2 protein chains.
Amino acid sequence: MTIVKDPSDAPLRAYLGYGLKRAFNTIQTDLNETLRPHGLRMISFSALSLIGAHERLRQSKLAELLTIEPPNLVVILDELERAGLIEKTRAMADRRAYEISLTAEGTKVLARARKDVEGHDRRMTRAINAEDRAALVRMLEQVERQGSREHD
Amino acid sequence: MTIVKDPSDAPLRAYLGYGLKRAFNTIQTDLNETLRPHGLRMISFSALSLIGAHERLRQSKLAELLTIEPPNLVVILDELERAGLIEKTRAMADRRAYEISLTAEGTKVLARARKDVEGHDRRMTRAINAEDRAALVRMLEQVERQGSREHD
DNA sequence: TATTGTTATACTCTATAACTATA
DNA sequence: TATAGTTATAGAGTATAACAATA
């Protein structure tokens, strides 16, 4: 086991964004390795989870929840549809819109992937106790909200 | 001021990577806006800071500190050199290597940019007190280290 | 032979403009 | 006229292979 203790980047460690970027890169790499066997990546796993959590989810609503632009969601949904994990059906109320739902296969893949993601998550936060971890998640949400405010 | 309270992504809020990604996206957007007037972006500001903190920094060492691949650093340094902020001189000890240092102009730009980055940082962490903020930074470092370990 | 830095290249993520079909 | 979804495209960020100069 090797822990790098080089303090040469100390001047940057003072900024939250620097640590955030490095922690995120670490987690993203590990998460994508975790999801690859399931044919998923971070963003498509997120999409699949949200589709599983909502009845007849609108594509526009999903893009909003994922905070991605609609054109980028199209590619992700094409991927999930080709893999047989989701279905898109025209909304009865508005024939422009699509309602997205999991297929039986999608439900199975999501359950399996979720187990591995939970393992990944435990691995990444092994050194942090439950209370601190909850505080960490709460603070990250505060940072996220801070950026969506006007400079008030 | 608007705070989004839509709990529709609750199933994903359980995973650290999800919150980390969202917080990082928020910070990166704000930081890049902060740095644009200085002709810098997150990665080039980081490079400039490290060059300023080390005498005759080797290009290979800088890539390692920034955790980026050497080919990607070439582009960043070209950018900083064209802007007149850094100088590359051949190392006397090893004529393959370059030693990077700030120009007088680079020193000035770095000082000005750093002030704005500190403002950005205070803005992003306004809702978090000093003690919690220190804990946040420490936990992010733990997460980063966790990923660089073998699965032990 | 190995290492420093470079070139060329490719893949992912993100963002915008312009289009289509419906409303 | 406006909205839901799409197509095409472009810009970042990141990664690898192959090369030149030097060790």
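In case you missed it, the structure is sitting above this.
Residues numbered from 1 in each chain as written. Chains lettered and ligands numbered in written order. Predicted model: local features only at pLDDT ≥ 70, side-chain atom pairs only at ≥ 80, totals over all residues. Heavy atoms only, no water.

Visitor: Go over the overall build of chain A with me, naming the residues and quoting the values.
Guide: The helix and strand tally for chain A stands at seven helices and three strands. If you list the helices and strands of chain A from N to C, you get α-α-α-β-α-α-β-β-α-α. A globule of 152 residues ought to have a C-alpha radius of gyration of about 15 Å, yet chain A, at 19 Å, is considerably larger. Dimensions of chain A, computed from the C-alpha atoms along their principal axes, are close to 60 × 45 × 30 Å. (Helix = DSSP H or I, 4+ residues; strand = E, 2+ residues; numbered from the N terminus. Rg over C-alpha atoms; globule rule 2.2 N^0.38 Å.)

Visitor: Before we move on, could you go through the protein's contact with DNA strand D and cite the residues and values that matter?
Guide: Of all residues adjacent to DNA strand D, which total 18 residues, the nearest are A:Gln59, A:Ser60, A:Lys88, A:Arg96 and B:Arg41. The sugar-phosphate portion of DNA strand D accounts for 57% of its atoms within 4 Å of the protein, the bases making up the rest. Interatomic distance of 2.4 Å between a side-chain N/O atom of A:Gln59 and a phosphate oxygen of DNA strand D. The contact in question runs from a base nitrogen of DNA strand D to an N or O atom on the side chain of B:Asn72, over 2.9 Å. (Near = heavy atom within 4 Å. Polar contact = N/O pair within 3.5 Å; in protein donor to acceptor, adjacent residues only side chain to side chain.)

Visitor: Account for the relation of the copies chain A and chain B, with residues named and values stated.
Guide: Under the fitted operation, chain A is carried onto chain B by 0.0 Å of movement along the axis and a turn of 180 degrees, and the coordinates agree to an RMSD of 0.0 Å. Such a combination of turn and shift is consistent with a two-fold rotation axis. Judged by C-alpha distance, A:Leu136 is the residue of chain A that lies nearest the rotation axis, at 3.1 Å. (Least-squares fit on C-alpha atoms with pLDDT ≥ 70 in both.)

Visitor: Go over the protein's contact with DNA strand C with me, naming the residues and quoting the values.
Guide: Not every one of the 18 residues close to DNA strand C is listed here, only the nearest: A:Arg41, B:Gln59, B:Ser60, B:Lys88 and B:Arg96. For DNA strand C, the fraction of atoms within 4 Å of the protein that belong to sugar or phosphate moieties is 58%. One nitrogen or oxygen atom from the side chain of B:Lys88 is found 2.7 Å from a phosphate oxygen belonging to DNA strand C. At the level of elements, α5 (70–82) of chain A together with α2 (16–35), α4 (59–65) and α5 (70–82) of chain B are the ones that each hand at least two residues to the surface near DNA strand C. Of all the elements, α5(B) adds the most residues to the surface near DNA strand C, at three residues. By residue class, the composition of the surface near DNA strand C is six nonpolar, four polar and eight charged. (Nonpolar A, V, L, I, M, F, W, Y, C, P; charged D, E, K, R; others polar.)

Visitor: Residues and numbers for the sheet that holds strand β1 (residues 57–58) of chain A, please.
Guide: All names here are of chain A. Strand order in this open sheet of three strands is β1-β3-β2, and the pairing throughout is antiparallel. On the outer flanks of this sheet lie β1 and β2 (86–90), each paired with one strand and no other. Of the strand pairs in this sheet, β1 and strand β3 (residues 98–102) are connected by two bridges, and their pairing is antiparallel. If you follow Arg-58 over to β3, its bridge partner there is Glu-99. (Pairing = 2+ DSSP bridges.)

Visitor: Please give an account of the environment of B:Gln146 that cites residues and values.
Guide: Mapped onto the fold, B:Gln146 is located in helix α7 (residues 130–148). Exposure remark for B:Gln146: the relative accessible area of 5% places this residue in the buried category. Sequence spacing of B:Gln146 and B:Asn129 is 17 residues, and the spatial spacing of their C-alpha atoms is 26 Å. Apart from the residues lying within four places of it in its own chain, the contact partners of B:Gln146 are A:Arg123, A:Met124, A:Arg126 and A:Ala127. (Buried < 20%, exposed > 50% of the residue type's maximum accessible area, 1.4 Å probe, protein only. Contact = heavy atoms within 4.5 Å.)

Visitor: Describe the packing of aromatic side chains, and please don't skip the residues or the numbers.
Guide: In total, this model carries three aromatic pairs over all chains according to the counting rule given. On the basis of an interplanar angle of 25 degrees and a centroid distance of 5.7 Å, the ring pair of A:Phe24 and B:Phe24 is categorised as stacked. On the criterion of chain membership, the pair formed by A:Phe24 in helix α2 (residues 16–35) and B:Phe24 in helix α2 is interchain, its members lying in two chains. Exposure remark for A:Phe24: the relative accessible area of 6% places this residue in the buried category. Sitting above the plane of the A:Tyr98 ring, A:Lys88 keeps its charged end 4.6 Å from the centroid. (Phe/Tyr/Trp six-rings, centres within 6.5 Å; stacked < 30°, edge-to-face > 60°. Lys NZ or Arg CZ within 6 Å of the ring centre and 35° of its normal.)

Visitor: Pulling in residues and values, what's your account of the sheet that holds strand β1 (residues 57–58) of chain B?
Guide: Residues and elements named next belong to chain B. If you walk across this open sheet you meet the three strands as β1-β3-β2, and the pairing is antiparallel. Of all the strands in the sheet, just β1 and β2 (86–90) have a single pairing partner and so form its edges. Note: β2 against strand β3 (residues 98–102), five bridges, orientation antiparallel. Pairing of Glu-87 across the sheet is with Ser-101, part of β3.

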